[in-house]
Amino acid sequence: MIRVGIVGASGLAGGELIRLATQHPELELTFLGGSSSAGRRPAELHPGLRLDLGLTVEPVPEDLSDRCDVVLLATPAPASAELAARLADQVPCVIDLSGAFRIRTPALHDRWYPNVPRTAELADRFVYGVPELVGDQLVGASLISLPGCFATAITLGLAPLVTALGLNLKNVVVDGKTGSSGGGLQLRTADLHPLRNGAIAPYAPAGHRHAAEVRDFLERSKPGGIEALSMSAYGVSHVRGLMASSYVFTDDEVDARTLHRAYLRFYKEHPFVRVRRHNETLIPVPDPQAVLGSNFCDVTVLHDEEGGRIVVLSALDNMVKGAAGQAVQALNIRFGLPVETGLTMQPVMPA
């Protein structure tokens, strides 16, 4: 069994990690870390988890080497940066769900995470963990930084254009919509139910750090590239799930048939990315409600010939494929397990 510690156990992502870890046949939950919730049981913090794990949340000790084979950090970026520095050479693997190590370029990191100091040496040791795109780098990796929820959807949507078809994307404009769970459990006026319900709130209309993360990663991909990528993000009234609509402009010649076939080939061996035609079901897809509770990312690519653009739609559950599920997926690859282990749950719909 692989001994797992979860730090940030009281948060939404922490609760989802506990849920997935307890149903995974190869994982043993041996440590729950936190500060404000120290001394509390998981069932107290997460009403859906009526489990007696024999564990309570405790402060992170100086040494976890004798308790964990892997530590999952579901903590804010400043806390993750500090904890990763302490745990990096102490446990075999650290998987960070925060943004502390997602952006490799120092200047870009400082722009989007000005309050998250880190050393360049430590940052360079992290693998940016998109399992479908860097799976070989995850095998045996000691430090893994998971992409953000929007970044996961956008990157999986754009990767076939850049790395398979080798297109030069002159301009990519992303429209992102996400539910309230994307903001975590922080109490903010804008997230109160009377203001959030029924709303389409433009909380990041002129830029989002996940867009910087995507470009930072894909700029290192070949043979294609991205000249410009911008994003506007909106909060909508549902709780889970997100949709990233990427509008791609390129001078390269493309057509609908070539695009769809390229996506099918690219993700043929990757069970958690479902390439779909938007009219293949009773409702148009991708739709976040068609993936809720699962580790799937549904992707559709269309050619808007009249508008001179490629439209890529990506939908996922931000709590699973956008966070905890992707962490378990990366963990499976890291420790040589079949990628689907513990992640075979189908979507719950309606939800």
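Here, the structure is the one placed above.
Residues numbered from 1 in each chain as written. Predicted model: local features only at pLDDT ≥ 70, side-chain atom pairs only at ≥ 80, totals over all residues. Heavy atoms only, no water.

Peer 1: What is the right way to look at the overall build of the chain in this model?
Peer 2: Regarding its fold elements, the chain presents eleven helices and 15 strands. By the compact-globule yardstick of 20 Å for 351 residues, the chain fits well, its C-alpha radius of gyration being 20 Å. When its C-alpha atoms are laid out on the principal axes, the chain stretches across 60 × 45 × 40 Å. Per-residue burial for the chain yields a buried fraction of 54% across its 351 residues. Taking as baseline every contact in the chain between residues at least 6 positions apart, the subset at least 24 positions apart corresponds to 73%. About 15,300 Å² of surface is accessible on the chain, with carbon and sulfur atoms providing 52% of the total. Here the chain contributes 31 positively and 37 negatively charged side chains, and the mean placements of these two sets differ by 2 Å. (Helix = DSSP H or I, 4+ residues; strand = E, 2+ residues; numbered from the N terminus. Rg over C-alpha atoms; globule rule 2.2 N^0.38 Å. Buried < 20%, exposed > 50% of the residue type's maximum accessible area, 1.4 Å probe, protein only. Contact = heavy atoms within 4.5 Å. Areas by Shrake-Rupley, 256 points an atom, 1.4 Å probe, with all protein chains shown as cover. Lys, Arg positive; Asp, Glu negative; His and termini not counted. Charge placed at Lys NZ, Arg CZ, Asp CG, Glu CD.)

Peer 1: Would you take a moment to explain the packing of helix α1 (residues 12-22) against helix α11 (residues 320-334) for this structure?
Peer 2: When two helices pack together, you describe them by how their axes are tilted relative to each other and by the distance separating the axes. Contact geometry for α1 and α11: axes closest at 9 Å, N-to-C directions at 45°. With respect to their mutual orientation, α1 and α11 come out oblique. Along this stretch, α1 crosses α11, giving a crossing that reads as right-handed. Seen from α1, the contacting residues are Ala 13, Glu 16, Leu 17, Arg 19 and Leu 20; seen from α11, they are Val 320, Ala 324, Gly 325, Ala 327 and Val 328. Its residues assigned to classes, the contact of α1 with α11 shows seven nonpolar, one polar and two charged. (Axes fitted to C-alpha atoms, helices over the stretch in contact; angles between N-to-C directions. Parallel < 35°, antiparallel > 145°, perpendicular 65-115°, else oblique. Left-handed = near helix turned anticlockwise from the far one by under 90°. Nonpolar A, V, L, I, M, F, W, Y, C, P; charged D, E, K, R; others polar.)

Peer 1: Can you walk me through helix α10 (residues 256-266) in this structure?
Peer 2: Because each turn of an α-helix spans 3.6 residues, side chains separated by three or four positions end up pointing in the same direction. Within the span of α10, buried status applies to Leu 259, His 260, Ala 262 and Tyr 263. Buried positions in α10, seen along its axis, are confined to an arc of 160° and lie on one side of it. In α10, the exposed positions that point more than 90 degrees away from the buried face belong to Arg 257 and Arg 265. In this structure, the buried side of α10 is in contact with α7 (149-164), β13 (273-275), β14 (297-304) and β15 (309-316). The opening residue of α10 is Asp 255, an N-cap whose side-chain oxygen sits 3.1 Å from the backbone nitrogen of Arg 257. (Arc of directions from axis to C-beta. Polar contact = N/O pair within 3.5 Å; in protein donor to acceptor, adjacent residues only side chain to side chain.)

Peer 1: I keep staring at the sheet that holds β15 and nothing clicks. Help me out?
Peer 2: In a beta sheet, neighbouring strands are held together by backbone hydrogen bonds and run either parallel or antiparallel to one another. As summarised here, the arrangement of the seven strands in space is β9-β11-β8-β12-β15-β14-β13, forming an open sheet in which the pairing is mixed. If you trace the sheet from one side to the other, it starts and ends with β9 (200-204) and β13, each paired once. When strand polarity is set aside, the average angle formed by the axes of neighbouring strands in this sheet is 20°. Bridge count between β13 and β14: three bridges; the pairing is parallel. Along β14, the bridge assignment pairs Val 273 with Cys 297. (Pairing = 2+ DSSP bridges.)

Peer 1: What is the right way to look at the environment of Trp 112 in this model?
Peer 2: By secondary structure assignment, the location of Trp 112 is in helix α4 (residues 106-112). By relative accessible area, Trp 112 is classed as partly exposed at 24%. When residues no more than four places from it in sequence are discounted, the contact partners of Trp 112 are Ile 103, Gly 207, His 208, Arg 209 and Ala 212.

Peer 1: Would you mind going over helix α3 (residues 77-87) with me for this structure?
Peer 2: Residues Ala 77, Ser 80, Ala 81, Leu 83, Ala 84 and Leu 87 constitute the buried set of α3. For α3, the secondary structure elements touched by its buried residues are β1 (2-7), β3 (70-73), β4 (93-96) and α5 (120-125).

Peer 1: What am I meant to see in the pattern of salt bridges here?
Peer 2: Pairs may arise between side chains of opposite charge once their charged atoms sit close together. Taken as a whole, this structure holds 16 salt bridges when the rule is applied. As a salt-bridge pair, Lys 321 and Glu 132 come within 2.9 Å of each other at their nearest N and O atoms. Residue Lys 321 is found in helix α11, and its partner Glu 132 is found in helix α6 (residues 131-138); the two are separated by 189 residues along the sequence. In terms of burial, Lys 321 and Glu 132 fall into one category: buried. Within this structure, Glu 16, Arg 19, Arg 240 and Asp 317 form a network of salt bridges that share partners. (Salt bridge = Lys/Arg side-chain N within 4 Å of Asp/Glu carboxyl O.)

Peer 1: I keep staring at the nonpolar core and nothing clicks. Help me out?
Peer 2: The tendency in soluble globular proteins is for nonpolar side chains to be buried side by side. The biggest cluster of nonpolar side chains holds 81 residues, and the ones touching the most others in it are Val 4, Ile 95, Leu 158, Leu 161 and Ile 310. Among the elements that make up this core, the one with the highest residue count is α7 (ten residues). Discounting chain neighbours no more than four positions away, the residues touching Ile 95 are Val 70, Val 71, Leu 72, Leu 73, Ile 144, Leu 146, Ala 327 and Leu 331. (Core = buried A, V, L, I, M, F, W, Y, C linked by side-chain atoms within 4.5 Å.)

Peer 1: Sorry if this is basic, but what is going on with the packing of aromatic side chains here?
Peer 2: We describe a pair of aromatic rings using the distance from one ring centre to the other and the angle between the two ring planes. Scanning the entire structure with this criterion turns up four aromatic pairs. Note on Phe 101 and Phe 126: the rings are 4.0 Å apart at their centroids and 10° apart in plane angle, and the pair reads as stacked. With Phe 101 in the loop between β4 and α4 and Phe 126 in the loop between α5 and β5 (127-128), the pair connects residues that are 25 residues apart, well separated along the chain. Summarising the burial analysis for this pair, Phe 101 and Phe 126 share the class buried. Considering the side-chain rings of Phe 272 and Phe 296, the 6.1 Å spacing of their centres and the 55° angle between planes classify their relative orientation as tilted. One end of the pair, Phe 272, is in the loop between α10 and β13; the other, Phe 296, is in the loop between β13 and β14, with 24 residues separating them in the sequence. In this pair, the class of Phe 272 matches that of Phe 296, namely buried. The cationic tip of Arg 274 hangs over the ring face of Phe 296; the distance from NZ or CZ to the ring centre is 4.3 Å. Geometry around Phe 335 places Arg 334 over its ring, the cationic atom sitting 4.4 Å from the centre. (Phe/Tyr/Trp six-rings, centres within 6.5 Å; stacked < 30°, edge-to-face > 60°. Lys NZ or Arg CZ within 6 Å of the ring centre and 35° of its normal.)

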